[in-house]
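Each chain, letter by letter, is given below.
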Amino acid sequence: MRRLVSVLLPIALLVLAPLPVAAQEAPGADDDLPVAEIQAFAEVFERIKRAYVEEVEDADLLRNAMRGMLSELDPHSAYLDSEEFESLRESTQGEFGGVGIEVGMEEGQLTVITPIDDTPASRAGLRSRDRILRIDDTPTDRLSLQEAVNLMRGEPGTQLRLTILHQDANAPLEVTLTREIIRTQSVKHELLEPGYGYLRVSQFQSRTGQQVDDALESLEQDGPLDGLVLDLRNNPGGVLQAAVDVADAFLDSGLIVYTEGRLADSAMRFSAGRETAAPEVPLVVLINGGSASAAEIVAGALQDQRRGVVMGTQSFGKGSVQQIMSLGNDEGLKLTTALYFTPDGRSIQAQGIEPDVEVIRGRLEVAESSRLDVREADLEGHLGASEDPRERSEMSQRLREDYQLGEALNLLKALNVLSRRLDG
């Protein structure tokens, strides 16, 4: 036991070491060590060292103990070794080698939160809430979240096989993806029709707020918008300040989000400023089960402030705040330290955002025998065309493919008609 005591002594010293000032102020902190539990841990450690079928290094056992300690807290807290810590840094910089998929643990199963736009995962048809059963030949039921992420990342050009189960499927299927450099472009915009804009935010990075302001300015070059669709579907979240900036683009006052935690510095409040890019544009916000974290902050703020109509399906419900802490030796700790709340005090965690208007995913089908899709502009030699019919046809096809987007545009038009009648 003498050698075991020498191994465990640094752990005890770490537990007894002075905490940062903010951590000392946490209410309910208990300075008494659970002696019985530490003795049990020491006994388990010693029995593994003496009796396990293979010899195990002390450092490996202690790292595994730390992994288990954090993984049992919640799906987002984790111990990060040097390789995992570097991988996390790469992903926050917006460029890494992989298939472009955001994953989490749900009921102990590796689950797709959302595929990132224009990546191998999205092109292969992976969807929010898909269960990932195997990564290549490795079952996922015993993998930690970080181990699964590490297996899916790799050199661009290499292949990855995933066995997945769609939420509405009876049998799993296998998809083969080719890894590539994932460079995420967080903001896209276009005009759906004259006067009606479309703004897609795929995730929240450090410059997303400025990119949204630039996109709004571009959309309004030909005059004020009659309506705007803000698409946050399959947006896994990202930087908190970016979410605040995006909400601030549509709000000129009031609370956007606040956080609460045990540490003094984890209680924060974020409010809208007076300078607002689009304070009066009629707004529909699209969300779905892949909208998580920062995306839910934006949707919740705009909903509570009565600034726009939230449409789609219930969001993911990831309303917790993680801090990345360095432990030295290039290792780190990702720890949940607070929860998000909407302006009206609603917790996002495990609840999500309920849409004001529920519209499920689907597409509009036109019967083959129907001639409703044929118009004068489609006839050869038609007169007076004011726009390229190919562009109109492509947009019509897109709206048929994306039923939720089509319904959002219809709602904006209805709101515009109602507003004109009330003003008249």
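Residues numbered from 1 in each chain as written. Predicted model: local features only at pLDDT ≥ 70, side-chain atom pairs only at ≥ 80, totals over all residues. Heavy atoms only, no water.

Engineer: Please set out the overall build of the protein chain residue by residue, giving values where relevant.
Structural biologist: In terms of helices and strands, the protein chain carries 12 helices and 19 strands. In the protein chain, which comprises 424 residues, the proportion classed as buried is 42%. Counting only carbon and sulfur atoms, one obtains 49% of the accessible surface of the protein chain, whose full area is about 23,700 Å². (Helix = DSSP H or I, 4+ residues; strand = E, 2+ residues; numbered from the N terminus. Buried < 20%, exposed > 50% of the residue type's maximum accessible area, 1.4 Å probe, protein only. Areas by Shrake-Rupley, 256 points an atom, 1.4 Å probe, with all protein chains shown as cover.)

Engineer: Tell me about the packing of helix α8 (residues 208–219) against helix α9 (residues 240–248), and name the residues and values.
Structural biologist: Where α8 meets α9, the closest approach of the two axes is 7 Å, and the angle between their N-to-C directions is 25 degrees. Judged by the angle between their axes, α8 and α9 are roughly parallel. For the element pair α8 and α9, the recorded crossing hand is right-handed. Contacts between α8 and α9 involve Thr208, Gly209 and Val212 from the former and Ala242, Asp245 and Val246 from the latter. (Axes fitted to C-alpha atoms, helices over the stretch in contact; angles between N-to-C directions. Parallel < 35°, antiparallel > 145°, perpendicular 65-115°, else oblique. Left-handed = near helix turned anticlockwise from the far one by under 90°. Contact = heavy atoms within 4.5 Å.)

Engineer: Give me the nonpolar core: which residues, what numbers.
Structural biologist: With 43 residues, the main nonpolar core has Phe204, Leu230, Leu232 and Phe250 as its most contacted residues. At the level of secondary structure, the elements contributing two or more residues to this core comprise β11 (196–201), α8, β12 (227–231), α9, β13 (255–261), β15 (283–287), α10 (294–304) and β18 (331–341). If one sorts the elements of this core by residue count, α10 sits on top with 7 residues. Residues within four places of Leu232 in sequence aside, it is in contact with Arg200, Val201, Phe204, Val285, Leu286, Ile287, Ser291, Ala295, Val298 and Ala299. Among the nonpolar cores identified, the runner-up in size contains 19 residues, and Ile101, Val103, Leu145 and Leu162 belong to it. (Core = buried A, V, L, I, M, F, W, Y, C linked by side-chain atoms within 4.5 Å.)

Engineer: Just give me the short version of the packing of aromatic side chains, but keep the residues and values in it.
Structural biologist: One pair of aromatic rings is described through two measures. These are the centre distance and the angle between the planes. What the rule picks out here adds up to 2 aromatic pairs. When the ring of Phe41 is compared with that of Phe45, the centres are 6.4 Å apart and the planes differ by 40 degrees; the resulting orientation is tilted. Here Phe41 pairs with Phe45, and both are found in helix α3 (residues 35–51), just 4 residues apart, close to one helical turn. Looking at Phe41, the relative accessible area reads 33%, which means it is partly exposed. The class for Phe45 is buried, based on a relative accessible area of 5%. A centroid spacing of 5.3 Å and a plane angle of 15 degrees characterise the contact between Tyr258 and Phe341, whose relative ring orientation is stacked. In this pair, Tyr258 is assigned in strand β13 and Phe341 in strand β18, connecting sequence segments 83 residues apart. Classification of Tyr258 by relative accessible area gives buried; the value is 14%. Looking at Phe341, the relative accessible area reads 13%, which means it is buried. (Phe/Tyr/Trp six-rings, centres within 6.5 Å; stacked < 30°, edge-to-face > 60°.)

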